[in-house]
Amino acid sequence: MKIRNLIILLFIFFSSSIVSLSDELDFDADKIDIKNDGNYIIAQNVSLSIPSKNILLKSNTAEYDKLKNIIILLNNVLFLDQKNSLEIKSDEIVYERNNGTFFSKGNTKIKIENKYTLKSKNIFFDRNSQTIYGSEKAIIEDFEGNLYKLNDKFKFDNINKI
């Protein structure tokens, strides 16, 4: 009976450890300011990684709201999705971790597998469905140098490349 209880406790411990590792954020910053009992973090000159998702984020300023599970990156933002070979550079990116969406505010440049470069403003990226979309004018350049100008809404399916 004691062995059974010990096994159950070990199972619960390791199960909760695995869950907590999946949400792990690694901050590397020149300055970190922790507020609101540790629920709000502001970091300067930050490199932030999410190892379980193969994501790397860099910016001059990052704000992380643990309660809302939102990361706001400001000024010289770089987002690298190493799993899907996607790179986003923007003035600002808001990452809603609960639903896996990114919203870039201002000028944005996206490189997709070194095959396409998309330039526009205010772009959404849904990491779960691998969809990039926006409602501003956009220019897409392929690896052969062909340019495609889009004058209104666009949607790019990164899985099927359409």
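This is a predicted model, so every value here is computed, not measured.

(A) Region of the structure containing the pairing of strand β2 (residues 40–50). Pairing between strand β1 (residues 26–35) and β2: 9 bridges, direction antiparallel. Across the sheet, Ile 34 pairs through a bridge with Ile 41, a residue of β2. Connecting β1 to the next strand, β2, in antiparallel fashion are 4 residues, including Asn 36 with a positive phi near 50°. When β2 meets strand β3 (residues 55–65), the two strands line up antiparallel, connected through 10 bridges. For Val 46, the partnering residue across the bridge sits in β3 and is Ser 59. Between the antiparallel neighbours β2 and β3 lie 4 residues, among them Asn 54 with a positive phi of about 55°.

(B) Quick peek at the nonpolar core. Leu 57, Ile 71, Phe 79, Leu 86, Phe 102, Ile 110 and Ile 132 are the most contacted members of the largest nonpolar core, which totals 29 residues. Elements supplying a minimum of two residues to this core: β2, β3, β4 (70–81), β5 (86–96), β6 (101–112), β8 (123–126), β10 (138–142) and β12 (154–157). The element best represented in this core is β2, accounting for 5 residues.

(C) Focus on the pattern of salt bridges. Summed over all chains, the structure comprises 5 salt bridges. Among the salt bridges present, the one from Arg 127 reaches Asp 81, with a minimum N-O distance of 2.7 Å. Here Arg 127, found in the loop between β8 and β9 (131–134), pairs with Asp 81, found in strand β4; they are 46 residues apart in sequence, far enough to count as distant. A relative accessible area of 13% places Arg 127 in the buried class. Asp 81 sits in the buried class, given a relative accessible area of 1%. In this structure, Glu 87 engages Lys 89 in a salt bridge whose closest nitrogen and oxygen atoms are separated by 4.0 Å.

(D) Representation of the environment of Ile 140. Among the secondary structure elements, Ile 140 is positioned in strand β10. Sequence separation of Ile 140 and Leu 118 is 22 residues, and the distance between their C-alpha atoms is 4.4 Å. If near-sequence neighbours (up to four positions away) are discounted, Ile 140 is found in contact with Tyr 116, Thr 117, Leu 118, Asn 146, Leu 147, Tyr 148 and Leu 150.

(E) Quick peek at the packing of aromatic side chains. Tallied over the full model, the rule gives 8 aromatic pairs. Pairing Tyr 95 with Phe 102 gives two aromatic rings, centres 4.1 Å apart and planes at 5°, and the pair type is stacked. Of the two residues, Tyr 95 and Phe 102, neither departs from the other in class, the shared state being buried.

(F) Inspection of the side chain of Ser 120 at higher detail. The topology assignment puts Ser 120 in strand β7 (residues 116–121). Within polar-contact distance, the side chain of Ser 120 engages the backbone oxygen of Lys 137 at 2.7 Å. The residues touching Ser 120, leaving out its near neighbours within four places in the chain, are Gly 106, Asn 107, Thr 108, Glu 136, Lys 137, Ala 138 and Phe 154.

Criteria and thresholds
Residues numbered from 1 in each chain as written. Predicted model: local features only at pLDDT ≥ 70, side-chain atom pairs only at ≥ 80, totals over all residues. Heavy atoms only, no water. Pairing = 2+ DSSP bridges. Helix = DSSP H or I, 4+ residues; strand = E, 2+ residues; numbered from the N terminus. Core = buried A, V, L, I, M, F, W, Y, C linked by side-chain atoms within 4.5 Å. Buried < 20%, exposed > 50% of the residue type's maximum accessible area, 1.4 Å probe, protein only. Salt bridge = Lys/Arg side-chain N within 4 Å of Asp/Glu carboxyl O. Contact = heavy atoms within 4.5 Å. Phe/Tyr/Trp six-rings, centres within 6.5 Å; stacked < 30°, edge-to-face > 60°. Polar contact = N/O pair within 3.5 Å; in protein donor to acceptor, adjacent residues only side chain to side chain.

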